[in-house]
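Overview (structure and organization)
Now for the letters of each chain:
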Amino acid sequence: MTSTTRLTVAQALVRFLSAQYTERDGTRHRLIGATWGIFGHGNVAGIGQALVEYGDVMPYHQGRNEQAMVHAAVGYARQSGRLSTHAVTTSIGPGATNLVTGAALATINHLPVLLLPGDVFAARPADPVLQQLEVPYAGDVSVNDCLRPVSRYFDRITRPEALIPSALQAMRVLTDPVETGAVTLALPQDVQAEAYDWPEEFFAERNWVVRRPGADPTELAEAVTAIRGARRPLLVAGGGVHHSRAEAALAEFAAVTRIPVASTQAGKGSLRFDHPQDVGGVGHTGTATADELARTADLVIGVGTRYTDFTTASGTLFAHPDVRFLNLNIAPYDGHKLAGMPLIADARSGLMELTAALDMHAYRVGASYVAEYTEDKERWEQRVDACYEADEPDVRPTQPQVLGVLDALVDESDVIINAAGSLPGDLHKLWRARSRDQYHLEYGYSCMGYEIPAAIGVKLAAPERRVWALVGDGTYLMMPTEIVTAVQEGVAIKVLLVQNHGYASIGGLSEETGAERFGTAYRHRAADGTFTGAPLPVDLAANAASLGMRVLRAKTVSDLREALAEARDADTPTCVYVETQTADTVSGPPPAQAWWDVPVAETATRPSAVKARELYERHVSTRRRHL
């Protein structure tokens, strides 16, 4: 007879989660490292009580915003190589719907996170309950259904025994390198507290093996033939290189073949910036070196990339008339993009197989091609030096100079986190990534407010690392609340807060598209009704200090050097606040080296919009569909 244990659904779930492990390359990792939670009537007596009951096996972190808790869990998961993540529990109502943005971010970036929102009563003893959404045409819909399209797996647990198959499916999806993303188990508040006799086998330790599938022999042979026949191949490294921990395999492939390697935002750092074959970021925010190679490449080898519009310059970048695509990806969906030749495999396994096969044929790209991209890279590095250089150390820095000071200070142990605004473009072009995980850009969803909570998650996953959250004033105002969490937990993140008085990136885009920077400045309303008056008297440094963070103010380049050095050595949460010189421009680095499609008004009377439309139509005419 099977032995059982009588527990509530919430207690059983917490105990089950504490016994789940991943295994890859012979190493085990705990799958759910901790649970974040904000409690309300929808989860306090269920999951909340269970976390008290099992506090010895399930660590708990207190958050201030439900979206931010998901960001922290995602930061932890990415730093952990997708082998470990956190769970997030909320009440019903606004707590649950606050999860939606974080869930979308996790799913778009293929990063695992387990969401446990409370739900309305399954038995409906009182209908409606506080915060319940009533849907006249369906009695089984709640606000949690908003999470369905942004979750890779969703289930509502309306009976205790339904938890068993659902929990196992949830773990399968979280640990599947193809399917992983946000997983949601909606938990009605009465079911959370309901007791059931659970089979002891449910709580046994389980290993979920993270697969490394190799390539199909036929696909591999076709890939080798395609590479050997290419005169100007270019490899585009995406986030899948990092997820697979394939950086060393990529470095070996590049060294053997001498094929240049460009990187997406998610893939930057796949090679160190000083690797001979690294040519920097590719696409709209890429380097001139990488983008010129992309325009003339006859074979594009995509490794672990989704080919977003920033990477392809909205279909205008890969301009060679006979260009072909070879897509090494563990996900067949991405492997077939751009009518490419698929090589469906784990990034590390696939790269190692390609390297062995090409080395056997003594394949190398031509010496003239190597000399060409090497010289172009040297010229680009000189442009980076010029952007970073501060001739007058006693004046306010530009944004590139801020990055230059930080670049000169850090080493491979530092982690730089960013997600939105003008900083991603500057970082992709200029930042010199020194290790596989130093460059942490969330650009799949480009979510303002990600940086500070994600920094907490990264620091929890790697407490020995120095972790920097780089935020502009617009992003900071979206979600500064987790500073309180960092202070409470003693998580010594560093926040570099750049004040440029508005949405600088969108302001520049607005100007380019004929919208004349409308609604993008943080300024008083002028007499003519526009927001062109004096900058708002908002003191973000004082705000950060009021939340408990130590704040260092820097007015000049010299001040900034001292403040960043002091913050880097700090063992408490520390913020460096700096106002940049270019308040009315995007940033001042080299302009975009490739186009990005943001549709411009087809009819307009204002000259700026008319001119922008003319330029837009010229760019659109160069777009092609790769079929």
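Predicted model only: the values in this text are computed from it and were never measured. (Residues numbered from 1 in each chain as written. Predicted model: local features only at pLDDT ≥ 70, side-chain atom pairs only at ≥ 80, totals over all residues. Heavy atoms only, no water.)

Focus: the overall build of the chain
To keep it simple, the criterion reads: Helix and strand definitions follow DSSP, with helices as H or I runs of at least four residues and strands as E runs of at least two, each counted in order from the N terminus. To get the radius of gyration, use the C-alpha atoms; to get the globule rule, take the number of residues to the power 0.38 and multiply by 2.2 Å. Relative accessibility thresholds used throughout: buried, under 20% of the residue-type maximum; exposed, over 50%; partly exposed, between the two (1.4 Å probe, protein chains only). Here, residues are in contact when the closest pair of their heavy atoms is within 4.5 Å. Areas reported here follow the Shrake-Rupley algorithm with a probe of radius 1.4 Å; residue values treat only the protein chains shown as occluding.
Helix and strand counts for the chain stand at 24 helices and 23 strands. For the chain, whose C-alpha radius of gyration is 25 Å, the value lies close to the compact-globule estimate of 25 Å for 627 residues. Once the C-alpha set of the chain is aligned to its principal axes, its extents read approximately 75 × 70 × 55 Å. Here the chain, with 627 residues, has 58% of them falling under the buried criterion. Sequence separation of at least 24 residues holds for 77% of the intrachain contacts in the chain that already meet a minimum separation of 6. Total accessible area on the chain is roughly 24500 Å²; 53% of this is exposed by carbon and sulfur atoms.

Some words on the sheet that holds strand β15 (residues 299–303)
Selection rule: Whether two strands pair comes down to DSSP finding at least two bridges between them. Here an axis means a line fitted to C-alpha atoms, over the contact stretch when the element is a helix, while the angle between two N-to-C directions is reported on a 0 to 180 degree scale.
An order of β14-β13-β12-β15-β16-β17 is seen for the six strands of this open sheet, with the pairing classed as parallel. At either margin of the open sheet sits one strand with a lone partner, and together these are β14 (278–281) and β17 (341–344). Neighbouring strand axes in the sheet, compared pairwise and without regard to direction, differ in orientation by 20° on average. In this fold helix α10 (residues 247–257) packs onto β12 (233–237), β13 (261–263) and β15, with an angle of close to 170° to the strand it touches most, β12.

Overview of the packing of aromatic side chains
Rules: In summary, the pairing rule links any two rings of Phe, Tyr or Trp, Trp by its six-membered ring, whose centres are within 6.5 Å, and it sorts them by plane angle into stacked for under 30 degrees, edge-to-face for over 60 and tilted for everything else. In this scheme, Lys NZ or Arg CZ marks a charge over a ring once it lies within 6 Å of the ring centre and within 35 degrees of the ring normal.
Scanning the model with the defined rule gives 12 aromatic pairs in all. Taken together, a centroid distance of 4.5 Å and an interplanar angle of 10° make the contact between F16 and F202 stacked. On the criterion of sequence distance, the pair formed by F16 in helix α1 (residues 9–17) and F202 in the loop between β10 (195–199) and β11 (206–209) is long-range, its members being 186 residues apart. Each of the two residues, F16 as well as F202, counts as buried. Here the aromatic rings of Y196 and W198 are separated by 4.8 Å at their centres, their planes lie at 75°, and the arrangement is edge-to-face. Taking the relative accessible area as the measure of exposure, Y196 reaches 27% and is therefore partly exposed. One aromatic cluster in this structure is built from F16, Y196, W198, F202 and F203. Lying across the ring of Y21, R28 places its NZ or CZ 3.9 Å from the centre.

Here we look at the pairing of strand β21 (residues 494–499)
In terms of burial, β21 is largely enclosed, as six of its six residues are buried. As paired strands, strand β20 (residues 466–472) and β21 are joined by five bridges and run parallel to one another. Within β21, the position partnered with L470 by the bridge is L496. Where β21 lies against strand β23 (residues 574–579), six bridges are found, and the strand directions are parallel. Each bridged residue has a counterpart across the sheet, and for K494 the counterpart in β23 is T574.

Digging into the nonpolar core
For clarity, the threshold we go by: Side-chain atoms within 4.5 Å are what join buried Ala, Val, Leu, Ile, Met, Phe, Trp, Tyr and Cys residues into a set we call a nonpolar core.
With 53 residues, the main nonpolar core has I227, L235, F253, I301 and L351 as its most contacted residues. In contact with L351, other than residues within four places in its own chain, are L235, A246, A249, L250, F253, V303 and L328. Grouped together as the second largest cluster of nonpolar side chains are 46 residues, M69, V70, A72 and I456 included.

Section: a nonpolar patch on the surface
We count it as follows: Patch building starts from residues that exceed 30% relative accessible area and form no salt bridge, then joins like charges within 9 Å and nonpolar side chains (Val, Leu, Ile, Met, Phe, Trp, Tyr) within 5 Å. In the sections that follow, a salt bridge refers to a side-chain nitrogen of Lys or Arg positioned within 4 Å of a carboxyl oxygen of Asp or Glu.
Side chains of F39, V44 and Y60 sit close together on the surface and give an oily, nonpolar patch of about 240 Å² of accessible area. Summarising the element assignment, V44 is placed in helix α2 (residues 44–53). Looking at V44, the relative accessible area reads 44%, which means it is partly exposed.

Some points on a negative patch on the surface
Heads up, the rule is: We score Asp and Glu as negative and Lys and Arg as positive, and we do not count His or the chain ends. For charged residues, the charge sits on one atom: NZ in Lys, CZ in Arg, CG in Asp, CD in Glu.
On the surface, E389, D391, E392 and D394 cluster together to form a negatively charged patch. Within the secondary structure, E392 sits in the loop between α15 (367–388) and α16 (399–409). The exposure class of E392 is exposed, given its relative accessible area of 54%.

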